[in-house]
Amino acid sequence: MDYSNPDLPEGINVSKRHPLAELAILLGGSLALLLIVILLLSLMSRTLASWIPFPVEQRLAEQVSLPVALADDADARPYQQLADRLARHMDLPADMSITVHLSPSEVPNAFATLGGQIILHQGLIDRVGSENGLALVMAHEIAHIRERHPISSMSQTLVIGLGLMTVTGMASDRMLQQLIGMVGGLTLLGYSREQERAADKLALAAVAAEYGHIAGAGSFFQKMLDEHGEQWLEFTSTHPLTQGRIEALEQQAREQGWPLEGELTALP
Amino acid sequence: MSIELIIFLVLLVTGYLFGSWNESRHYRSLQLRERVLNRIPAIASKRVPDDMQITRSRMVTGNVVISVDYFKQFIAGLRNLVGGRVSSYESLIDRARREAVLRMKDEARRAGAQMVFNIKMETSSIYKGRGNQIGSVEVLAWGTALWLDQPQTEGNDQNGGNSLRQPA
């Protein structure tokens, strides 16, 4: 018997597709898929977060340290009273409570965070001019809390961060700690334009209900927009201010027939 | 994050450039040596025909380890997500198998055998199960080299293959 090996044709055992084409298809496909999944997850987390009971959010907030130094709570008392007065007009759920903290920081800013906490900077109080202006900012932050914006924003940030960490294979205890630290530091919390508008609307209604007019409140944003400079940078980066927002407020006041003029109340 | 991305991209590009350069070079060498060694048949059959006059037999082996490059590994990793043919590893296994058979045949040629019967192959991966380590594939081919009584075609004996090392 005669044995021989034939000349086999080349390349019968490998795929013909170019490796770079393979890379493009796989990478493009998986990135697109990833984007869709993370988008879905973040939308879900944002929606579902408002179902987290407020007491649970408060317990969560206790474990997170605030990113700013706080003044004595006694100094914050007058502002706490202002918040309580405003909150009465805002129809908060029974288990929700607002806590105002005062920060000695000279940077004009105010923000709402987890657990119904509002941090008010001394720099803002020094610049608002009247209680009415401060009330608008305060009511705006209370509105964020009522609408559960802080917890939604935190959930969304956590979910996106976790998702990215998982797929990039960087998920580790250390990274998770960092992520929680960042979210806990609340430096990442930002609200969408819709959320800001919703908060504005509720805030102006509360101010009108409290004082009977919106003098000093509407003009406050306008003043800030005019003075728009370095000193307002932090406030405007957490509360993106646009002409559109001010116009929306003015229109709301016109529609509701709230007087634009009235007696201003002095700061507490 | 960005420094990790840069490292990743450098690894990927290096893997691709060197990997594809090595691969095409290896394929050229494989084709050349296969043509030369084609005169030593490697038969998978276990039974030697009765009319074959065998004077001697011996085991011959060929062994090769080829490393995966970063690019191939990355593509294979993406393939893991969706399934399908891992084409980046196909050429790797193909090369390893052919190289192992060639080395086995070359051993038979140097020993002066005329053919190899009952060839078998075994594939194993090195670094198996070690997370993100770059892996390597090992292929071992072995068979029974036979010395036949009747003269084969011309130029088949001990002296015939010396020119193999540097094929023209």
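For the structure, see preceding data.
Here the residue index of a chain counts from 1 through its sequence in written order. Going through the entries in the order they are written, you letter the chains from A and number the ligands from 1. The predicted origin of the model limits local features to residues at a pLDDT of at least 70 and limits the giving and counting of side-chain atom pairs to 80 or more, whereas totals for whole chains, interfaces and linings rest on all residues. The side-chain quantities take in all heavy atoms of the structure and omit both hydrogens and water.

Chemist: What exactly am I supposed to notice about the pattern of salt bridges here?
Modeler: When their charged atoms lie close together, side chains carrying opposite charge are able to pair. Salt bridge criterion: a side-chain nitrogen from Lys or Arg within 4 Å of a carboxyl oxygen from Asp or Glu. With the rule as written, the count across this model stands at 18 salt bridges over all chains. Here A:Glu22 and A:Arg17 are joined by a salt bridge, their closest N and O atoms 3.0 Å apart. Remark: exposure states derive from per-residue accessible area (1.4 Å probe, protein chains only) relative to the maximum for the residue type, with buried under 20%, exposed over 50%, and partly exposed in between. Classification of A:Arg17 as partly exposed rests on a relative accessible area of 41%. Linking A:Glu22 and B:Arg79 is a salt bridge whose minimum nitrogen-to-oxygen distance equals 3.3 Å. Note that A:Glu22 is positioned in helix α1 (residues 19–49) and B:Arg79 in helix α2 (residues 70–82), a pairing that runs across two chains. Exposure class is identical for A:Glu22 and B:Arg79. Each is buried. One network of salt bridges, with partners in common, ties together A:Glu10, B:Glu34, B:Asp94, B:Arg97 and B:Arg98. Numbered from the N terminus, helices here are DSSP runs of H or I no shorter than four residues, and strands are runs of E no shorter than two.

Chemist: I keep staring at the packing of helix α3 (residues 77–88) of chain A against helix α5 (residues 131–146) of chain A and nothing clicks. Help me out?
Modeler: When two helices pack together, you describe them by how their axes are tilted relative to each other and by the distance separating the axes. Residues and elements named next belong to chain A. All axes here are fitted lines through C-alpha atoms, helices being fitted over the stretch that makes contact, and every angle between N-to-C directions spans 0 to 180 degrees. Contact pair α3 / α5: the axes reach a minimum separation of 10 Å and the direction vectors enclose 65°. Judged on the interaxial angle alone, α5 and α3 are roughly perpendicular. Handedness of the crossing formed by α3 with α5: right-handed. Of α5, the residues touching α3 (which contributes Tyr79, Leu82, Ala83, Arg85, Leu86 and Ala87) are Glu131, Leu134, Ala135, Met138, Ala139 and Ile142. By residue class, the composition of the contact of α3 with α5 is 10 nonpolar, no polar and two charged. Orientation labels follow simple angle bins: below 35 degrees gives roughly parallel, above 145 gives roughly antiparallel, 65 to 115 gives roughly perpendicular, and whatever is left gives oblique. By convention the crossing between two helices is left-handed if the near helix lies anticlockwise of the far one by an angle smaller than a right angle, and right-handed if it lies clockwise. Two residues qualify as a contact provided that any one of their heavy atoms is within 4.5 Å of a heavy atom in the partner residue. Residues are grouped as follows: Ala, Val, Leu, Ile, Met, Phe, Trp, Tyr, Cys and Pro are nonpolar; Asp, Glu, Lys and Arg are charged; every other residue, Gly included, is polar.

Chemist: Mind showing me how you'd approach the pairing of strand β2 (residues 110–113) of chain A here?
Modeler: Within a regular strand, side chains alternate between the sheet's two faces. Residues and elements named next belong to chain A. Side-chain alternation along β2 places Ala110 and Ala112 on one buried face and Phe111 and Thr113 on a second face that is also buried. The pairing criterion is simple: DSSP has to find at least two bridges between the two strands. Strand direction decides the pairing type here: β2 and strand β3 (residues 117–121), joined by four bridges, are antiparallel. Bridge pairing links Ala112 to Ile118 in β3. Remark: three residues form the turn of the hairpin made by β2 and β3, two consecutive strands paired antiparallel; Gly115 in that turn has positive phi of roughly 75°.

Chemist: Explain the interface of chain B and chain A to me, please; I cannot follow it from the model alone.
Modeler: It is common to give the size of an interface as the accessible area that goes away when the parts come together. Between chain B and chain A, the contact holds 30 residues from the first and 20 residues from the second. Computed with a 1.4 Å rolling probe, the buried area is the accessible surface lost when two parts are put together, summed over both parts. When chain B packs against chain A, the two sides together hide about 2,100 Å² of surface, and 58% of this comes from carbon and sulfur. When the area that chain B buries against chain A is broken down by residue, the three leading residues are B:Tyr16, B:Asn38 and B:Leu78, summing to 21%. The interface formed by chain B and chain A contains two salt bridges. One salt bridge in this structure joins B:Arg98 and A:Glu10, with 2.9 Å as the shortest N-O distance. Counted as a polar contact is a pair of N or O atoms within 3.5 Å, where, for protein atoms, one must be capable of donating a hydrogen and the other of accepting one, and residues adjacent in sequence contribute only when both atoms are in side chains. Summed over the shared surface of chain B and chain A, the result is eight residue pairs in polar contact (both at pLDDT 80 or more). A breakdown of the residues in the side of chain B that touches chain A according to their chemical character gives 17 nonpolar, four polar and nine charged.

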